[in-house]
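If you want the building blocks of each chain, they are given just below.
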Amino acid sequence: MLAYGQFQTETHRQLGNKFLKIGHRGAMGYEPENTLGSFQTAIKLGVDMIELDVHLCKSGELVVIHNEKVDRTTNGKGFIADMTLAELKKLDAGRGQLIPTLEEVLDEVNRRVSVNIELKGIGTAMPVAGLIDKYVSGGWDRNLFLVSSFNVSELKDFREKDGKSRIGIIFDKKSGDLFGLVDKLGAYSIHPNTKLVTPDLIEEAHKKGLRVFVWTVNFPDDIRRLIKIGVDGIFSDFPDRLVWSGGF
Ligand code: G3P
Ligand code: CA
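Bear in mind that the values here come from a model prediction, so they are computed numbers and not experimental data.

Novice: Just give me the short version of the coordination of the calcium ion (ligand 2), but keep the residues and values in it.
Specialist: Taken together, the protein ligands of the calcium ion (ligand 2) are Glu51 (OE), Asp53 (OD) and Glu118 (OE), with distances of 2.0 to 2.3 Å. The motif formed by the donor residues of the calcium ion (ligand 2), counted along the single chain, is E-x1-D-x64-E. On the accessibility criterion, aspartate 53 (1% relative accessible area) is buried.

This is the structure:
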């Protein structure tokens, strides 16, 4: 029996890094996305890291939800920025679950796995940096956090406020100066859409000491192929599929 987590390419061994099983919005293939139930299921399925999306609501709390409006994932309507936490808490986020705050998720996770916080909403960088400091002061290892975004200006704001936490750059298009941005931000990892992943990209990233975490991959054949070419972690809606029980 070989688990994906045990499989390491030569490059992995050189970097001394373990392949990460990452639960996308928790385990959204099984549970309503970005809910406490989804994160609990992801942990039960053996993830190393959960991924979640944050926005700021009208009363100032960081809430865990993907879109800027509540329409797609709840029984409500409207922009999160126009709703208070009390209003958001009246909504059903699926199977009776509520929209959680980031603090509620962190308290639930309680250091059992690491947490990838995607800065989805405008203005989330500073409060996320503040919250990470609070949890680090409370005993969390800073490296349990990985802060990522497509939004370069949020990432720059985050880095200005927080010089230490890990940053990941998410992208779904070829960017002219990806590695220039990596240097500017002092990034820890790059997070390409699966369609952009090539052996050359992985090699170049590894040469620069970066980790490559790929999203969103749900089919076992794709998972196997990506692991074979040396990716360092995969985001999946079905994180149990990141465990392999056969040969290559
Ligand atoms: O962080 C990787 C992935 O979550 C980015 O896309 O739309 O699922 O937030 P999305
Ligand atoms: Ca996300």
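Novice: An account of the confidence of the model for the protein chain is requested, with residue identities and associated values reported.
Specialist: Model confidence for the protein chain is summarised by a mean pLDDT of 93, while 92% of its residues fall at 70 or above. Mean pLDDT across the secondary structure elements of the protein chain bottoms out at helix α1 (residues 10-15), with 40, and peaks at strand β3 (residues 62-64), with 99. Note on residues 1-15: pLDDT is under 50 here. Beyond four places in sequence and across chains, it has 36 contacts.

Novice: Could you give me a rundown of helix α8 (residues 199-207), with the residues and numbers involved?
Specialist: Of the positions making up α8, those classed as buried are Leu201, Ile202, Ala205 and His206. Take α8 and look down its axis: the buried residues cluster within an arc of 125°, on one side only. Opposite the packed face of α8, turned more than 90 degrees from it, sit the exposed residues Asp200 and Lys207.

Novice: Can you lay out the pattern of salt bridges for me, pointing to particular residues and giving the numbers?
Specialist: Taken as a whole, this structure holds 16 salt bridges when the rule is applied. Salt-bridge contacts for glutamate 108 lead to arginine 112; the nearest nitrogen and oxygen are separated by 3.6 Å. For glutamate 108, a relative accessible area of 27% translates into the label partly exposed. Here arginine 224 ties to aspartate 221 by a salt bridge, and the two come within 2.5 Å at their closest N and O atoms. In this pair, arginine 224 and aspartate 221 both sit in helix α9 (residues 220-228), 3 residues apart, roughly one turn of the helix. Taken together, the shared-partner salt bridges in this structure form one network comprising Arg25, Glu33, Asp53, Arg72, Glu118 and Lys120.

What counts and how
- Residues numbered from 1 in each chain as written.
- Chains lettered and ligands numbered in written order.
- Predicted model: local features only at pLDDT ≥ 70, side-chain atom pairs only at ≥ 80, totals over all residues.
- Heavy atoms only, no water.
- Donors = N, O, S within 2.8 Å, 3.2 Å for Na, K, Ca; no water.
- Buried < 20%, exposed > 50% of the residue type's maximum accessible area, 1.4 Å probe, protein only.
- pLDDT = per-residue confidence, 0-100.
- Helix = DSSP H or I, 4+ residues; strand = E, 2+ residues; numbered from the N terminus.
- Contact = heavy atoms within 4.5 Å.
- Arc of directions from axis to C-beta.
- Salt bridge = Lys/Arg side-chain N within 4 Å of Asp/Glu carboxyl O.

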